[in-house]
Amino acid sequence: MTTTDLTLRGMTCASCAARVERGLNRIDGVQATVNLALERAHVDHDVGVTADQLVAAVQAAGYDAAVVGADPAPVDADVPEDALRPRLIVAAALAVPVVAISMVTAWQFPGWQWLMLALTTPIVAWSGYPFHRAALTSARHGASTMDTLVSLGTLAAYLWSTVVLVTGGTESGGHVYFEVAAAVTAFLLAGRYAEARAKRSAGAALRALLTLGAKDAVVLRDGDEVRIPVEHLGVDDLVVVRPGERIATDGVITEGTSALDTSAMTGESVPVDVGPGAAVLGGALNTYGRVVVRATRVGADTQLARMARLVSDAQSGKASVQRLADRVSAVFVPAVLVIAAATLLGWLAAGGSVAAAFTAAVAVLIIACPCALGLATPTAILVGTGRGAQLGILIKEPRVLENVRHIDTVVLDKTGTVTTGEMTVHDVTASPGEDAATVLAHAAAVEAASEHPLAAAIVSAARERGLDPAAVTEFVNDPGTGVSGLVDGARVSVTRTGTLAGVDLLSPARSGTVVDVAWGDRVRGTITLGDTIKPSSAAAIAELTAMGITPVLLTGDAAAVARRVADEVGIAPAHVIAGVLPTGKADAISALQADGATVAMVGDGVNDSVALATADIGMAMGTGTDVAIEAGDLTLVRGDLRTVPTALRLSARTLRTIRVNLFWAFGYNVAAIPLAALGLLNPMIAGAAMACSSVLVVLNSLRLRRFR
């Protein structure tokens, strides 16, 4: 199987989207979903199905299509509202006098109807041309869409009025409905224009993400600086980044120091200080200082490109609630045509006048357009996932939004999730008669020659305290045992607490890893080391608890270490699962689910990937491994645990917005069609109400942009 994305042109409503989707899915080996808000089709298909076949299927349905390139660029690059603007201006300018004169009897003069005909003709013929063209295209393919209803309604009002006027019917009391044709066309164009602008605004987050990438980069070639397009960058290229420039690709700083603004990608407002050895992301803004970055990932492999791809894929997907709306929309327009015909015949059979019957039928056609139904879900997903990307939360697919409302338990991996995953010195305890600073300095002198993670932590702690490690000679490193060497003429050994012979330095003791520092055949002091808890972890867990969600700590570390960490961040001892092997993490998740919990798992390592996939929702830390990120349903770009409750709240808010939109869209049509059929809605008012319903649905979705 492979995947192809298509940009679509010509769709105007949910019926159009459903027709394109059916046309694509008729091809053997194809599973397609069509997104009306994005005007895009996401197609999973057998490798034997070509892109030309997919495009041909869309064209056979009466619409245009093109294959999307490698970059998930927004579909609305040609700004559809620009094409609508002049038609709307003409319609509005001419419709105002038509409606005013038609409604105000005192302004009517002999032959005023002929002026109305002259003013309405360009409105219906030119301003309303997009509706008529789309309706004709659908009709040629044996289909009916929202445009069918609009075109039939406005043309019926216009042609009926023209016939009455030309045949002299007005002289015998016949009614003309030029104001209906003019006003409905103007209202619907205004609604579609506002809708196009709102949809473009809804996709602003993805466009902003895509514009972060640098277009070119300065690289060092044989000592010279050469500017090249980013497409020509390769792994291990040395990229020069000056103040005010964006880093062109993911990499590691080899030279220089600076502070990088990563707010657009991670949501972190404070610039991050970086220096040699620091990993950096493409798209980050260099605030000061010249730095040289060695490229580690280029092109589509960069974090920025992957973020854009994830957001784009999520926005192209569908929630299951949308599939119900699609099924309704597919049969909605034909049903409305039947209802309009029944309304006309019913009024005539009941003895009503032809004018009254005609007015009611036209009102049914116009009020029933299912725009709001088709836009209810995709616009909310579009805005919600875009806002998530701005906050450093990447939602992979819409089903996540529907699962999140049931989450009652969040399982947290310890290392790299609750903690930083980096060892630091917590305490230095000197034996009686010894000096703690001397103990640390001697230990650091020996460990300075080691590459062990504990060694780096001890040396770093000594330097932070202003202790400059002395030179060491006759250094001995016994893997799994300890280290020793001559410092100022004394043989200093650093081993696991309790024995000078030593064992595995990484074995935890008490509430952390404790090592003995000895010289002169006796222990002079101990150093306690441990993983550092992230500053945000306690606040995040308190927020989860306040939301009624149970936090659980899941770790392979010993129970003593796990309990210490849990106590510091506010997790109850009963909710600590320690000593779990990597292969057993998924079993622990399954056990919680078997007890009735709906589980979200937060992790960052390869050993978390199966657990992430097993959980109802997997949340991968963006600072973690690629395997974990691929296994998760959401990616938290920052290594900040506070994004977990934020992600849960945003998902719940997005789902609530979808439900409000669908309730409004369904309720509107259910209530309005009977009113129109009973003659209680003027066609002009019906047109305005229908246009407003679509705009209101989109505006309700845009409220998600203000989510905090």
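Everything numeric here is computed off the predicted structure, so don't read it as measured data.

Novice: I'm lost on the overall build of the protein in this one. Help?
Specialist: On a plain count of helices and strands, the protein comes out with 24 helices and 26 strands. Within the protein, buried positions represent 54% of all 708 residues. Of the contacts formed within the protein by residues at least 6 apart in sequence, a portion of 69% connects residues at least 24 apart. For the protein, the exposed area adds up to about 29000 Å²; of that, 59% sits on carbon and sulfur atoms.

Novice: What should I look at first to understand the packing of aromatic side chains in this one?
Specialist: The geometry of an aromatic ring pair comes down to the distance between the two centres and the angle between the two planes. Counting across every chain of the model gives two aromatic pairs. Between tyrosine 158 and phenylalanine 178, the ring centres sit 6.2 Å apart and the planes meet at 65°, which makes this aromatic pair edge-to-face. Taken as a pair, tyrosine 158 in helix 6 (residues 146–166) and phenylalanine 178 in helix 7 (residues 178–202) lie far apart in primary sequence, 20 residues in all. Pair check on accessibility: tyrosine 158 and phenylalanine 178 agree, each one buried. Seen from their ring centres, tryptophan 160 and phenylalanine 358 are 4.9 Å apart, and the 15° between their planes marks the pair as stacked. Separated by 198 residues along the polypeptide, tryptophan 160 in helix 6 and phenylalanine 358 in helix 12 (residues 354–367) bring together distant segments of the chain.

Novice: Would you explain the nonpolar core in this entry?
Specialist: Nonpolar side chains in soluble globular proteins tend to be buried together. In terms of nonpolar packing, the biggest core is built from 41 residues, with Val410, Val602, Met619, Leu641 and Val644 touching the most fellow members. Among the elements that make up this core, the one with the highest residue count is helix 23 (residues 643–677) (six residues). Looking at which domains feed residues into this core, each of domain 2 (81–205 + 313–376 + 657–706) and domain 4 (393–418 + 534–637) supplies at least three. By size, the runner-up hydrophobic cluster in this structure holds 33 residues, among which are Leu84, Ala91, Leu117 and Val164.

Novice: Just checking my understanding: could you explain the packing of helix 18 (residues 537–546) against helix 23 for this structure?
Specialist: How two helices sit against one another is set out by the angle between their axes and by the gap between those axes. Remark: helix 18 packs on helix 23, axes separated minimally by 8 Å, with the N-to-C direction vectors making an angle of 35°. Residues Ala540, Glu543 and Leu544 of helix 18 form the contact with helix 23, whose own contacting residues are Val644, Pro645, Leu648 and Arg649. Residue classes in the contact of helix 18 with helix 23 are distributed as five nonpolar, no polar and two charged.

Novice: Whenever I open this one, the pairing of strand 1 (residues 2–9) confuses me. Can you help?
Specialist: Sheet faces and side chains relate simply in a regular strand, where the side chains alternate between the two faces. Across six bridges, the pairing between strand 1 and strand 3 (residues 40–45) is antiparallel. When the sheet's bridge partners are listed, threonine 7 is paired in strand 3 with arginine 40.

Novice: Can you walk me through the side chain of threonine 154 in this structure?
Specialist: Relative to the helices and strands, threonine 154 is located in helix 6. Only 3.3 Å separates the side chain of threonine 154 from the backbone oxygen of serine 151, close enough to count as a polar contact. In this view, threonine 154 contacts His132, Ala181, Val184 and Thr185; residues no more than four positions away in its chain are not counted.

Novice: Which parts of the structure should I look at to understand helix 18?
Specialist: Within an α-helix, residues lying three or four positions from one another point in the same direction, as the helix has 3.6 residues per turn. Of all the residues in helix 18, the buried ones are Ser537, Ala540, Ile541 and Leu544. Down the axis of helix 18, the buried side of the element spans an arc of 95°, and every buried residue falls inside it. Lining the buried residues of helix 18 we find strand 15 (409–413), helix 15 (414–418), strand 21 (522–533), strand 22 (550–554), helix 19 (559–569) and helix 23. One or two residues past the end of helix 18 sits glycine 548, with phi positive at roughly 85°.

Novice: Explain the pairing of strand 15 here, please?
Specialist: Along strand 15, five of the five residues are buried, which leaves the element largely enclosed by surrounding structure. Side chains Thr409, Val411 and Asp413 of strand 15 all project onto a buried face; the interleaved residues Val410 and Leu412 project onto the opposite face, where all are buried too. In terms of strand pairing, strand 15 meets strand 22 through five bridges, oriented parallel. Bridge pairing in strand 22 links valine 410 to proline 551.

Novice: Whenever I open this one, the sheet that holds strand 9 (residues 258–261) confuses me. Can you help?
Specialist: Across a sheet, paired strands are connected by hydrogen bonds in the backbone, their directions being either parallel or antiparallel. One open sheet accounts for three strands, arranged 10-9-12; its pairing is antiparallel. Two strands bound the open sheet, and with one partner strand each, they are strand 10 (272–274) and strand 12 (285–286).

Novice: How do you make sense of helix 2 (residues 51–60) when you look at a structure like this?
Specialist: Among the residues making up helix 2, those that are buried are Leu54, Val55, Ala57 and Val58. Projected onto a plane normal to the axis of helix 2, the buried residues spread over an arc of 155° and lie on a single side. Positive phi appears at glycine 62, one or two residues downstream of helix 2, with a value of about 105°.

Novice: Would you take a moment to explain the UniProt feature "transmembrane region" (unreviewed entry) in the protein for this structure?
Specialist: According to UniProt, the "transmembrane region" (unreviewed entry) feature falls on residues 88–106, 112–129, 149–170, 176–194, 328–350, 356–383, 658–678 and 684–702. For residues 112–129, the end-to-end C-alpha separation is 25 Å, with 94% helix and 0% strand making up the annotated structure. Between the C-alpha atoms that bound residues 658–678 the distance is 31 Å, and the span itself is 95% helix and 0% strand.

Novice: Even after reading the chapter, I still don't get a positive patch on the surface, so can you show me in this structure?
Specialist: On the surface, Arg653, Arg656, Arg703 and Arg706 cluster together into a positively charged patch. Tracing the chain through its elements places arginine 706 in the segment after helix 24 (683–702).

Novice: Is there a simple way to think about the confidence of the model for the protein in this case?
Specialist: Interpreting fine coordinate detail is not advised for predicted regions of low pLDDT. Averaged over every residue, the pLDDT of the protein is 81; the share at 70 or more is 82%. For residues 70–79, every residue scores under 50 in pLDDT, and the model assigns this stretch 19 contacts once sequence neighbours within four places are set aside. Scored below 50 in pLDDT, residues 498–510 shows 39 contacts in the model against residues more than four places distant or in partner chains.

Novice: I keep staring at the pattern of salt bridges and nothing clicks. Help me out?
Specialist: The full count for this structure, using the stated rule, is 15 salt bridges. Between glutamate 568 and arginine 564 there is a salt bridge whose closest N-O contact spans 3.0 Å. Taken together, the residues span about one helical turn, with glutamate 568 and arginine 564 both in helix 19 at a distance of four residues. We classify glutamate 568 as partly exposed; its relative accessible area is 47%. The salt bridge partner of arginine 642 is aspartate 640, with a shortest N-O separation of 2.8 Å. Looking at arginine 642, the relative accessible area reads 40%, which means it is partly exposed. You can call aspartate 640 buried: its relative accessible area is 7%.

What counts and how
Residues numbered from 1 in each chain as written. Predicted model: local features only at pLDDT ≥ 70, side-chain atom pairs only at ≥ 80, totals over all residues. Heavy atoms only, no water. Helix = DSSP H or I, 4+ residues; strand = E, 2+ residues; numbered from the N terminus. Buried < 20%, exposed > 50% of the residue type's maximum accessible area, 1.4 Å probe, protein only. Contact = heavy atoms within 4.5 Å. Areas by Shrake-Rupley, 256 points an atom, 1.4 Å probe, with all protein chains shown as cover. Phe/Tyr/Trp six-rings, centres within 6.5 Å; stacked < 30°, edge-to-face > 60°. Core = buried A, V, L, I, M, F, W, Y, C linked by side-chain atoms within 4.5 Å. Domains from an automatic or database assignment. Axes fitted to C-alpha atoms, helices over the stretch in contact; angles between N-to-C directions. Nonpolar A, V, L, I, M, F, W, Y, C, P; charged D, E, K, R; others polar. Pairing = 2+ DSSP bridges. Polar contact = N/O pair within 3.5 Å; in protein donor to acceptor, adjacent residues only side chain to side chain. Arc of directions from axis to C-beta. UniProt positions renumbered as here; feature names shortened; annotations may be inferred. Patch = residues over 30% accessible without salt bridge, like charges linked within 9 Å, V, L, I, M, F, W, Y side chains within 5 Å. Salt bridge = Lys/Arg side-chain N within 4 Å of Asp/Glu carboxyl O. Lys, Arg positive; Asp, Glu negative; His and termini not counted. Charge placed at Lys NZ, Arg CZ, Asp CG, Glu CD. pLDDT = per-residue confidence, 0-100.

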